[in-house]
Amino acid sequence: MASQSAINWPDKYLPGTTDNFVSNEIIVRGIGVAQVWPYLVDTSKWTTYYDNVSDITFPDGDGPELADGTRFSFATFGFPPLDAQVVEFEPPTEGKTARLSWTARQDGPPEEQLDVLHAWLLEDLPGDRVRILTQESQIGKPAAALARQTPNPMLNGHQAWLDGLAKAAKG
């Protein structure tokens, strides 16, 4: 059996070296990457299946679909809108893992600064299954505060995002 794909981590965001890291994964039968990808890259659909995101805007007039280099902002986990930019964008192609990653930042005084990389992998598996993996690595005092909570709110929030994404893709 072939090994499953992994996130491409820039050194700055390498898990285990940042203030907070979460990983969520589901494997779902009956859908494929082709059904899931449109619900992930079209930000106008996010609020239809995930209630922890709002105020999605595109300062350059792009959107609502994400693409390589797209700049956007969104609010989540009680933070004011974070400035984000797509840094990895590989749409689904036959036999290749689909990839989407963005950085997101919050500026301000040191106690409010936040810098994250949120990454997604989608891959078709044998037996009419799809693997959806999302991981996020965070730097900053707000991230450290989240990491100290049990359970980690990011872990539960991202699980809700995965579950909603799969349900939306199934129709």
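Residues numbered from 1 in each chain as written. Predicted model: local features only at pLDDT ≥ 70, side-chain atom pairs only at ≥ 80, totals over all residues. Heavy atoms only, no water.

Colleague: I tried to follow the overall build of the protein on my own but got confused; where do I start?
Modeller: Check the secondary structure of the protein and you find 4 helices and 7 strands. Listed by position from the N terminus, the elements making up the protein come as β-α-α-β-β-β-β-β-β-α-α. Rg of the C-alpha trace for the protein: 16 Å, near the compact-globule value of 16 Å for 171 residues, within the 12% margin. For the C-alpha atoms alone, the extent of the protein along its principal axes is close to 50 × 35 × 25 Å. Burial status across the protein gives 47% buried among its 171 residues. Sequence-distant contacts in the protein: of pairs separated by 6 or more residues, those separated by 24 or more amount to 55%. Of the roughly 8400 Å² of accessible surface on the protein, a fraction of 49% belongs to carbon and sulfur atoms. Positive and negative side-chain charges in the protein, numbering 13 and 23 respectively, have mean positions lying 6 Å apart. (Helix = DSSP H or I, 4+ residues; strand = E, 2+ residues; numbered from the N terminus. Rg over C-alpha atoms; globule rule 2.2 N^0.38 Å. Buried < 20%, exposed > 50% of the residue type's maximum accessible area, 1.4 Å probe, protein only. Contact = heavy atoms within 4.5 Å. Areas by Shrake-Rupley, 256 points an atom, 1.4 Å probe, with all protein chains shown as cover. Lys, Arg positive; Asp, Glu negative; His and termini not counted. Charge placed at Lys NZ, Arg CZ, Asp CG, Glu CD.)

Colleague: So what exactly am I meant to see when it comes to the environment of Leu66 here?
Modeller: Along the chain, Leu66 turns up in the loop between strand S2 (54-57) and strand S3 (71-76). Apart from the residues lying within four places of it in its own chain, the contact partners of Leu66 are Leu40, Val41, Thr43, Trp46, Phe58, Phe72, Val86, Phe89, Leu100 and Trp102.

Colleague: Mind showing me how you'd approach the packing of helix H1 (residues 33-41) against helix H4 (residues 153-170) here?
Modeller: A packed helix pair is summarised by two numbers, namely the angle formed by the two axes and the spacing between the axes. Where H1 meets H4, the closest approach of the two axes is 9 Å, and the angle between their N-to-C directions is 120°. Viewed along their axes, H1 and H4 adopt a mutual orientation that is oblique. Of the two elements, H1 crosses H4, and the hand of that crossing is right-handed. Where H1 approaches H4, its residues Gln35, Val36, Tyr39 and Leu40 are matched on the opposing element by Leu165, Ala168 and Ala169. Residue composition of the contact of H1 with H4, by class: 6 nonpolar, 1 polar and no charged. (Axes fitted to C-alpha atoms, helices over the stretch in contact; angles between N-to-C directions. Parallel < 35°, antiparallel > 145°, perpendicular 65-115°, else oblique. Left-handed = near helix turned anticlockwise from the far one by under 90°. Nonpolar A, V, L, I, M, F, W, Y, C, P; charged D, E, K, R; others polar.)

Colleague: Help me understand the packing of aromatic side chains in this model?
Modeller: Here a ring pair, both rings aromatic, is described through the centre-centre distance and the interplanar angle of the planes. Tallying each qualifying case throughout the model produces 14 aromatic pairs. Ring geometry for Trp46 against Phe72: centres 6.2 Å apart, planes inclined by 75°, an arrangement best described as edge-to-face. On the criterion of sequence distance, the pair formed by Trp46 in helix H2 (residues 46-49) and Phe72 in strand S3 is long-range, its members being 26 residues apart. Neither Trp46 nor Phe72 differs from the other in exposure class; each is buried. We note Lys45 situated over the ring of Tyr39; from NZ or CZ to the ring centre the distance is 4.7 Å. (Phe/Tyr/Trp six-rings, centres within 6.5 Å; stacked < 30°, edge-to-face > 60°. Lys NZ or Arg CZ within 6 Å of the ring centre and 35° of its normal.)

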